[in-house]
Amino acid sequence: MSGITKKNIDQSLKFVYSDNNSLSVIFHDNNLLMGVVGEFNKNLQELEKITNCSLYSRGNSILIKSTPENNEKIKNAIQFLANQFINNGSIENKDVLSSVDNFMINEKVKNNNVTDIIKTPKKSIIPRSEKQKSYVRALRESDIVISAGPAGTGKTFLAVAVGLTMLLENKIERIILSRPAVEAGERLGFLPGDMKEKVDPYLRPLYDSLYDLFDFEKIQRMIEIGDIEIAPLAFMRGRTLKNSFAILDEAQNATDTQIKMFLTRIGENSKIVVNGDPSQIDLPNKSMSGLVRSKELLGHLKEISIVDFDHSDVVRHPLVSKIVKAYSNND
């Protein structure tokens, strides 16, 4: 990765305007240029597609040909991507999508002062919408956070990221990740294998979030020694969680009684997060879901934050947002 730091990035990029509505972005560091452009120019190609502009990589520069307004938009996008590469050492497709988002531009490029950034060993996580920003603040400040919204809005990933940073900073002693193991009643007996083999498939998304934020071997070690515990919701009954960061995922498939049980596990110096998507209830009777009811009953308590996401907060492939919106409109 380039040796450039965030402080001197402005000296690493030079912008040259021409009379023919073109703008050249000149890089003084080839590693930074390669990171922004991407392998086989894939980042530039994606940026061209979503902005409908022409971009050319020539030598140590990127040439932008469009209207003055679009030129500035892509200039900001390139600055954003340069920052992402410096912070994380790589650029993902979602970063290219975010680079032209007005919220992200205002947060990262114009202000250049993101107080809500989550720094994990593998990457720096930045809230990608106003709701995500509020959610991250709630995760840090509130005792209990209840969030609801469609897939791809970062509910689980951001919660795991905040919990992991708190664990590494010794603010808590362990992370507990839980979810209803089977959608309808947690009936595990028919599955082959021991208990771990029975429940692991249902907990896989939680593992994936951890591995995306920290080295695989270190996560495995933390699980072995109990710093990170991943367990089905049924295993939480009767416990009191102290010095912990506990997350209940897929809470739309937990009953009212189960969510009450989980929330009342909270102990000294602990946080509890409950996440779910009310549009994906898999219980036999959808009215059994306790997620919406928990928001209604507890929303007035100052120690509890309620965050509702919608399709505009989806940070996966842009088609996901369109799919979620289409189904929401139909419902």
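Anything mentioned here points back to the structure above.
Residues numbered from 1 in each chain as written. Predicted model: local features only at pLDDT ≥ 70, side-chain atom pairs only at ≥ 80, totals over all residues. Heavy atoms only, no water.

Quick rundown of the overall build of the protein? Include the residues and the values.
Regarding its fold elements, the protein presents 13 helices and twelve strands. Counting the 331 residues in the protein, one finds 52% classified as buried. Considering only contacts within the protein whose residues lie at least 6 apart along the sequence, 68% involve residues at least 24 apart. Here the protein displays about 16,300 Å² of accessible surface, and carbon together with sulfur accounts for 47% of that area. (Helix = DSSP H or I, 4+ residues; strand = E, 2+ residues; numbered from the N terminus. Buried < 20%, exposed > 50% of the residue type's maximum accessible area, 1.4 Å probe, protein only. Contact = heavy atoms within 4.5 Å. Areas by Shrake-Rupley, 256 points an atom, 1.4 Å probe, with all protein chains shown as cover.)

Kindly report on the environment of N60, identifying the contributing residues and their values.
Here N60 shows up in the loop between β3 (54–58) and β4 (61–65). Sequence separation of N60 and D29 is 31 residues, and the distance between their C-alpha atoms is 8.1 Å. For N60, the residues in contact, after removing those within four places along its chain, are V25, I26, F27, N30 and L33.

Outline the sheet that holds β3, listing residues and values.
Read from one edge to the other, the open sheet built from four strands follows the order β1-β2-β4-β3, with strand pairing classed as antiparallel. Both outer strands of the open sheet, β1 (13–17) and β3, are each paired with one neighbouring strand and no more. The average angle at which neighbouring strand axes cross in this sheet is 20°, direction not considered. Sheet topology places β1 next to strand β2 (residues 22–27); five bridges connect them, and they run antiparallel. In the sheet register, F15 faces β2, and the bridge partner there is V25. Relative to β4, helix α2 (residues 30–37) is tilted by about 45°, and along the sheet it contacts β1, β2, β3 and β4. The strands that helix α3 (residues 42–51) touches are β3 and β4; relative to β3, the one it contacts most, it runs at about 160°. (Pairing = 2+ DSSP bridges. Axes fitted to C-alpha atoms, helices over the stretch in contact; angles between N-to-C directions.)

So what about the packing of α2 against helix α4 (residues 68–88)? Which residues, and what values?
Relative to each other, α2 and α4 sit at 110°, their axes nearing to 9 Å. What the angle tells us is that α2 and α4 run roughly perpendicular. Remark: the crossing between α2 and α4 carries right-handed chirality. Listed contacts from α4 to N31, L32, G35 and V36 of α2 are I78, L81, A82, F85 and I86. Considered class by class, the residues forming the contact of α2 with α4 number seven nonpolar, two polar and no charged. (Parallel < 35°, antiparallel > 145°, perpendicular 65-115°, else oblique. Left-handed = near helix turned anticlockwise from the far one by under 90°. Nonpolar A, V, L, I, M, F, W, Y, C, P; charged D, E, K, R; others polar.)

Give me the nonpolar core: which residues, what numbers.
Formed by 35 residues in total, the largest nonpolar core has its most connected members in Y135, L139, L177, I228, I230, F245 and V273. Counting residues per element, the ones that place at least two in this core are α7 (130–141), α8 (155–168), β8 (174–179), α9 (195–213), α10 (216–225), β9 (228–232) and β10 (244–248). Not counting the four nearest positions on each side in its chain, L139 is found in contact with V145, L158, A159, V162, F245, K271 and V273. Among the nonpolar cores identified, the runner-up in size contains 25 residues, and L44, A77, I78 and I91 belong to it. (Core = buried A, V, L, I, M, F, W, Y, C linked by side-chain atoms within 4.5 Å.)

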